[in-house]
Amino acid sequence: MFKILEKRELAPSIKLFVMEAPLVAKKARPGQFVILRIKEGGERIPLTIADYDAQNGTVTIVFQEVGKTTRELGTLEAGDYIEDFVGPLGVPVEFPNHKKVLGIGGGLGIAPLYPKLKMLHQQGVEVVSIIGARTAELLILEEEIKAVSDRMYICTDDGSKGRHGFVTVVLKELLEQGEKFDEIIIIGPPILMKIGSEITKPYGIPTMVSLNPIMVDGTGMCGGCRVTVDGEIKFACVDGPAFDGHKVDFDELIKRLATYKEEEKISLERFNEAHECKLINKIEGADKDAVK
Amino acid sequence: MPLNRSKKKTPMPTQKPEVRRRNFNEVALGYSEEEAVSEAQRCLQCKKTGCVEGCPVQVQIPQFIKRIAERDFEGAIKIIKETNSLPAICGRVCPQEAQCEKNCVLGKVGEPVAIGRLERFAADWERTKGIRPPVIPKKLGKKVAIIGSGPAGLTCAGDLAKLGYDVTIFEALHKPGGVLVYGIPEFRLPKIIVEQEVKFIQQLGVEIKTNMVMGKVLTIDDLFEMGYEAVFISTGAGLPKFMGIPGENYLGVYSANEFLTRINLMKAYSFPNTDTPIKVGKKVAVIGGGNVAMDAARSALRMGADEVHIVYRRSEEEMPARKEEVENAKEEGIIFDFLTNPVRIIGNENGWVKGIECIRMELGEPDASGRRRPVPIMGSEFVMDIDTVVIAIGTGPNPLLTKTTEGLELTKHGYIAVDEEGRTSREGVWAGGDIVTGSATVILAMGAGKKAARSIHEYLQNKKWR
Ligand SMILES: Cc1cc2nc3c(=O)[nH]c(=O)nc-3n(C[C@H](O)[C@H](O)[C@H](O)COP(=O)(O)OP(=O)(O)OC[C@H]3O[C@@H](n4cnc5c(N)ncnc54)[C@H](O)[C@@H]3O)c2cc1C
Ligand SMILES: Cc1cc2nc3c(=O)[nH]c(=O)nc-3n(C[C@H](O)[C@H](O)[C@H](O)COP(=O)(O)OP(=O)(O)OC[C@H]3O[C@@H](n4cnc5c(N)ncnc54)[C@H](O)[C@@H]3O)c2cc1C
Ligand code: SF4
Ligand code: SF4
Ligand code: FES
């Protein structure tokens, strides 16, 4: 059992948990993730390690409520426990000789971007960042990213904050102005990573993306997380999740992510119904108490 | 003792094929006491026992069968357990026709004694009576770590705990049991049996830590630093192989590991009461001819498929699956396409599988394994309409742990190299089971666990390595 020590709401439907997980915290490095299962009968879902503190034995995760499991997770509070929490999984990222790096985070991708930029910043690397979201309200970890960046750009799709438009607009501008980077990191929805990688390719700048295929075990045992990189099958859980964006078959990834669309819908609807019943019961219960 | 001169095995009651093909309950129901006694009376109590030699752990077969014939069931199970700590499992899943029953003298004139069924009977009898908690030995104050909780790890842990060691098993998944829980389906090996065996080992004082992906959470060096004096690696051969043909990443193509893990470990058959989904279409093709392929095909049927094919490139004779399961699969209506090899998976515009292109094969000269090599018949390509493909062509060693362990010698295929006692190239580290042999059997994995336990005990007594 693993304890939730702290819960924060970063934006509507985006939550941050600080988990008590000393063994995971001790070995965690930027680029790695955990797999968790809320309870018996639950699904195993991967979440990136957004931050970690080996001294205090804590691991931070940030998740967006997109379906049944993440919604259920969102109903838990500090002090609650979850059944399984395993990690750190995946290959840590390293930037041995970098001088200047551009980090791009779209939507929830800002969370997995953060530990990488933090490490780069601590290494004394010059960090430029572009973060974006659909609307101002959904922009997360702005302060954290700012603290580890030498320069930061903000974009929103609706123009409610920072630049009006996608993060890729700023990316294009910087490259067109001739700014040079040793590496560009792009993390976000697959379509953003795909377009971003297409933009950087003609400039020949190494581009790292972090892939999010559907996973089960996270140990290389099932092959469900396979992606095609440079024409070869790779298992994202053990060979990644970070890969060279210029070599990833994003279209295949996007298709495969839709495998269980129908089932995900059924699962979520059932959860919502049951959850609403529970809420109603709770409210009715509370009313009864009030009457007493 | 009266002798039963029947040339055939006493039949074991099973669920009817037309019923069982749609449920996950156990297929074979086990002997009643009368049936067991009657079958036991077929045994000739030979002096020279081929049957015992055929069993990888040398279960004292005539002796335990004699007890059953005499209705001393308690005595029977005691004898079995002297050499086999997981009889309820072995009685169900051992390939008996290639082991103990292969050498039974009765097999020369009719069917051999149903040794596996009798072993299962004795173990099940004990379970219904309630297994007595074990006597806990005096502690020696020495710690041993075991990595992986499949049959090799469980057996090694049990044996060492009985000797008084403090044993900890580190398991990557959230549930112990290895292939017994994530691979072999409920209808062949009910999970409650594995759970009980695991509980028994815990009662012996073994601690099982789940969610421990070793090599990531802790390394072998960490274990020594934590005070473990010996380590046994039994991580299995869990890395799925793909065929390397076009179209393998279409939606609806699974490795057998993923397919079976979703169903068994994650209980996708209860979806949406459980949260992990699986997509099984109407026409399923399972590629391969081993136990894994049979399990995947029969699981697909139980998930509601209309038509399930086993596509195998050799002929029926070369199929490595347990004979009983092949028979069961046929009764349930699985279609076998022998001498057929897929060359390409065909998808639709959304990326879902819609068919596989196969080529017919014929048998040529024997290859290195002694089996006749299948060779393609040019121009015989044809397309099967299929909406789900399960690839069950074998597995390899998972490098997750071995990659992070320095000084561990591997074979050229990535398995761990060991000597006859299971010792690796690193002092204090043993290995056994599928991670040494490649995919084999439950009983061989157990045998490796036992052997390592003996060797570890010897080492920890006098700290002499080789
Ligand atoms: C390495 C990795 C790191 C990730 N990091 C984060 C993170 O830090 N924060 C975050 O919010 N999300 C992250 N994700 C995605 C997250 O795992 C999914 O959002 C989550 O599994 C959805 O589960 P659900 O039941 O709530 O939604 P569902 O309704 O089941 O699915 C919603 C979407 O999530 C995807 N998904 C479903 N099941 C899985 C699964 N078992 N594994 C992966 N994806 C799945 C599906 O493609 C679907 O489009 C990460 C994924 C990977 C592979
Ligand atoms: C579907 C299927 C059907 C089969 N049917 C039969 C049958 O009918 N009869 C028969 O005799 N044999 C059968 N087999 C083969 C048999 O199950 C195996 O030979 C046997 O389980 C091997 O045992 P093991 O202990 O070596 O490894 P496994 O059972 O594979 O167990 C290894 C364990 O180690 C864990 N692990 C792996 N890496 C790590 C790590 N880094 N850290 C921590 N833990 C780790 C795994 O999660 C797993 O739990 C079948 C196999 C499969 C897949
Ligand atoms: S352990 Fe397996 S091989 Fe040995 S007697 Fe029992 S069923 Fe036969
Ligand atoms: S060989 Fe057959 S008949 Fe002879 S002792 Fe063994 S089981 Fe009995
Ligand atoms: S999640 Fe199973 S192999 Fe990657």
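What counts, and at which threshold
- Here the residue numbers are simple positions, counted from 1 along each chain's written sequence.
- Note on labels: chains are lettered from A, ligands numbered from 1, in written order.
- In view of the model being predicted, local features appear only for residues whose pLDDT reaches at least 70, and side-chain atom pairs are presented and counted only at 80 or more, with totals across whole chains, interfaces and linings using the full set of residues.
- For side-chain calculations, the full set of non-hydrogen atoms in the structure is used, while hydrogens and water are omitted.
- Per-residue confidence from the predictor is reported as pLDDT, which spans 0 to 100.
- Counting from the N terminus, the helices are the DSSP runs of H or I reaching at least four residues and the strands are the DSSP runs of E reaching at least two.
- Contact between two residues is taken to exist if any of their heavy atoms lie within 4.5 Å; hydrogens are not considered.
- Buried area, as used here, totals the accessible surface that two parts lose on assembly, with accessibility defined by a 1.4 Å probe and the loss added over both.
- Take a side-chain nitrogen of Lys or Arg and a carboxyl oxygen of Asp or Glu: if they are within 4 Å of each other, that pair is a salt bridge.
- For the purposes of these results, a polar contact is taken to be a pair of N or O atoms within 3.5 Å, where, inside protein, one atom must be able to donate a hydrogen and its partner to accept one; residues adjacent in sequence count only when each atom of the pair is a side-chain atom.
- Stacked, edge-to-face and tilted are the three classes for Phe, Tyr and Trp ring pairs, Trp counted by its six-membered ring, which pair at centre distances within 6.5 Å; planes under 30 degrees apart are stacked, over 60 edge-to-face, the rest tilted.
- For every residue, the accessible area obtained with a 1.4 Å probe (protein chains only) is divided by the maximum for its type, and the residue is called buried under 20%, exposed over 50%, and partly exposed between those limits.
- When the NZ atom of lysine or the CZ atom of arginine is within 6 Å of a ring's centre and also within 35 degrees of its normal, the charge is said to sit over that ring.

Novice: Break down the confidence of the model for chain A for me, with residues and values.
Specialist: Overall, the predicted model of chain A reaches an average pLDDT of 91, with 95% of residues at or above 70. Mean pLDDT values over the elements of chain A span from 70, in helix H9 (residues 261–291) of chain A, up to 97, in strand S3 (residues 33–37) of chain A.

Novice: Account for the interface of chain A and chain B, with residues named and values stated.
Specialist: Counting residues at the interface gives 46 residues for chain A and 43 residues for chain B. Between chain A and chain B, roughly 3700 Å² of surface is buried when both sides are summed, and carbon and sulfur atoms account for 55% of that area. A per-residue breakdown of the area chain A buries against chain B is headed by Met221, Arg226 and Tyr260 of chain A, which together make up 18% of the total. Taken together, the links from chain A to chain B amount to 4 salt bridges. Linking Asp275 of chain B and Lys68 of chain A is a salt bridge whose minimum nitrogen-to-oxygen distance equals 2.8 Å. The interface formed by chain A and chain B includes 22 residue pairs in polar contact (both at pLDDT 80 or more). Broken down by secondary-structure element, the contributors of at least two residues to the side of chain A that touches chain B are helix H1 (22–27), helix H2 (68–74), strand S8 (84–89), strand S15 (226–229), strand S16 (232–235), helix H8 (250–257) and H9 of chain A.

Novice: Would you mind going over the packing of aromatic side chains in detail, with residue names and values included?
Specialist: In the structure shown here, the tally under the stated rule is 13 aromatic pairs over all chains. Ring plane angle 20 degrees and centroid distance 4.6 Å describe the contact between Phe24 of chain B and Tyr269 of chain B, whose orientation is recorded as stacked. Residue Phe24 of chain B is located in the loop between helix H1 (17–20) and helix H2 (33–40), and its partner Tyr269 of chain B is located in the loop between helix H12 (256–263) and strand S7 (283–287); the two are separated by 245 residues in the primary sequence. On the basis of relative accessible area, Phe24 of chain B is assigned to the buried category, the value being 11%. Measuring from ring centre to ring centre gives 5.5 Å for Tyr254 of chain B and Phe259 of chain B, while their planes differ by 65 degrees; the resulting arrangement is edge-to-face. As far as burial versus exposure is concerned, Tyr254 of chain B and Phe259 of chain B are alike and both buried. Ring pairing ties together the aromatic residues Phe24, Phe187 and Tyr269 of chain B, which thus form one cluster. Sitting over the ring of Phe181 of chain A, Lys100 of chain A keeps its end group 5.0 Å from the ring centre. Above the ring of Phe336 of chain B, the side-chain terminus of Lys330 of chain B is found at 5.9 Å from the ring centroid.

Novice: An account of the pattern of salt bridges is needed here, citing residue identities and associated values.
Specialist: Evaluated as defined, the whole model comprises 56 salt bridges over all chains. Its salt-bridge partner being Glu142 of chain A, residue Lys161 of chain A comes within 2.7 Å of it at the nearest N-O pair. Taken together, the positions of Lys161 of chain A in the loop between strand S11 (151–156) and strand S12 (163–164) and Glu142 of chain A in helix H4 (residues 142–147) put the pair 19 residues apart, joining distant regions of the chain. Classification of Lys161 of chain A as partly exposed rests on a relative accessible area of 31%. The closest approach of N and O atoms between Asp159 of chain B and Lys450 of chain B, which form a salt bridge, is 3.1 Å. Residue Asp159 of chain B is located in helix H8 (residues 151–162), and its partner Lys450 of chain B is located in helix H17 (residues 442–462); the two are separated by 291 residues in the primary sequence.

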